[in-house]
Amino acid sequence: MPVLFVGHGSPMNAIEHNAFTETLPGLSARLPRPKAVCVVSAHWVTSGAQVMASAHPRTIHDFSGFPQPLYEVQYPAPGAPEVAKKVADNPEILRDETWGLDHGSWSVLRHMYPNADVPAFQLSLDERRSFKEHLELGREIQALRERGVLILGSGNIVHNLRRLDWDEPHGAYDWAVEFDGKVKEAVEAHDANALAAPQKWGETLLETAHPSVEHYLPLLYCMGSTDERDAVSYPYEGFDFGSISMRMILFGDTKTAE
């Protein structure tokens, strides 16, 4: 299976139709149909790595202050407990029965698989791990691809909600463009080590692009589960409100995969 990173942006993308969300149905049509989707979402951060093993994951509305229709969305995709069990064979990853699909998952999946008929589960972000250790865990889950599982990283290449510019809905600050560009260069060079050391691009640049790093970390799982044989393409590129990169990254040749 290919591997996909999606900059998911605002939860409102779950119910809005725009250039970003309209990319997702066409993208899923190009991909081989997965047996399951393993989502590494920016919105499930735990102490120690955990994998969601529920057979019927709940829809989590992990946000506040949005219009009521967003809270009414349900995404009743089945879980993938058998696949999750294999992931939990790693003694460092614990099984979790209580988590569900957070908006980092369902806001994307409901556009890709609107019938909610593809099993989905999540792998958490272990807050105790370093950048390099997140990358290494991505390498450990690479085998999921051979089992027909789509690895989906859901975060944002640049994510600074403190610096949103409401007057520039599709504009970007210079520092946002710079950080996004450095990530793109590293991805195209398959330079996973550079992505695992973003502070080397400048501590201030990293802190400005990511006041906290949970939206960056899913990319490391995508990079860890791919290599130089995987073609790189960008189904969507752009910025929202100055400080959010909406870049999607597809690893793998979908034609070959099919």
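Residues numbered from 1 in each chain as written. Predicted model: local features only at pLDDT ≥ 70, side-chain atom pairs only at ≥ 80, totals over all residues. Heavy atoms only, no water.

1. Looking at the side chain of Thr 21
Next, step 1: Position of Thr 21 relative to the elements: it lies in the loop between strand E1 (3–7) and helix H1 (23–30).
Next, step 2: Ignoring any residue separated from it by four or fewer positions in sequence, one finds Thr 21 in contact with Asn 13, Glu 16 and His 111. (Helix = DSSP H or I, 4+ residues; strand = E, 2+ residues; numbered from the N terminus. Contact = heavy atoms within 4.5 Å.)

2. As for the nonpolar core
Next, step 1: Counting residues in hydrophobic clusters, the biggest one holds 86 residues, and the most contacted among them are Phe 121, Leu 123, Phe 179 and Leu 195.
Next, step 2: Not counting the four nearest positions on each side in its chain, Leu 195 is found in contact with Val 183, Ala 186, Val 187, Trp 201, Tyr 216, Leu 219, Leu 220 and Met 223. (Core = buried A, V, L, I, M, F, W, Y, C linked by side-chain atoms within 4.5 Å. Buried < 20%, exposed > 50% of the residue type's maximum accessible area, 1.4 Å probe, protein only.)

3. Re helix H4 (residues 103–112)
Next, step 1: With respect to burial, H4 is a largely interior element, 9 of its 10 residues being buried.
Next, step 2: Three or more residues of H4 are buried, namely His 103, Gly 104, Ser 105, Trp 106, Ser 107, Val 108, Leu 109, His 111 and Met 112.
Next, step 3: Taken together, the buried residues of H4 touch E1, H1, strand E2 (36–41), helix H2 (68–71), strand E6 (120–122) and strand E8 (149–155).

4. Some thoughts on the sheet that holds E8
Next, step 1: Taken in spatial order, the 6 strands make up an open sheet running E6-E2-E8-E1-E12-E9, and their pairing is mixed. Looking at strand neighbours, the two that pair on one side only are E6 and strand E9 (232–233), the edges of this open sheet.
Next, step 2: Note that E2 and E6 share 3 bridges and pair parallel. Following the sheet pairing, Val 37 is matched in E6 by Ala 120.
Next, step 3: The strands touched by helix H9 (residues 217–224) within the sheet are E1, E2, E8 and strand E12 (249–251), with E1 carrying the most contacts at an inclination of about 165 degrees. (Pairing = 2+ DSSP bridges. Axes fitted to C-alpha atoms, helices over the stretch in contact; angles between N-to-C directions.)

5. Quick word on the packing of aromatic side chains
Next, step 1: Within the structure shown, the criterion is met by 10 aromatic pairs.
Next, step 2: Arranged with centres 4.8 Å apart and planes meeting at 55 degrees, the rings of Trp 166 and Phe 241 form a pair that is tilted. A residue pair is termed long-range when its members are at least 10 positions apart, and Trp 166 in the loop between E8 and helix H6 (174–188) and Phe 241 in the loop between strand E10 (239–240) and strand E11 (244–245) qualify at 75 residues.
Next, step 3: With a relative accessible area of 60%, Trp 166 lands in the exposed category.
Next, step 4: Where Phe 179 meets Trp 201, the ring centres are 5.4 Å apart and the plane angle is 75 degrees; that geometry is what we call edge-to-face. Placement of the pair is Phe 179 in helix H6 and Trp 201 in the loop between helix H7 (192–195) and helix H8 (203–209), with a sequence separation of 22 residues. Each of the two residues, Phe 179 as well as Trp 201, counts as buried. (Phe/Tyr/Trp six-rings, centres within 6.5 Å; stacked < 30°, edge-to-face > 60°.)

6. What about the pattern of salt bridges?
Next, step 1: As enumerated under the stated definition, the model contains 10 salt bridges in all.
Next, step 2: Measuring nitrogen to oxygen at the nearest pair gives 3.9 Å for the salt bridge that ties Glu 97 to Arg 95.
Next, step 3: Salt-bridge contacts for Arg 129 lead to Asp 126; the nearest nitrogen and oxygen are separated by 3.5 Å. When sorted by exposure, Arg 129 lands in the same class as Asp 126, which is buried.
Next, step 4: A network of salt bridges, in which partner residues are shared, links Glu 92, Asp 126, Arg 128 and Arg 129. (Salt bridge = Lys/Arg side-chain N within 4 Å of Asp/Glu carboxyl O.)

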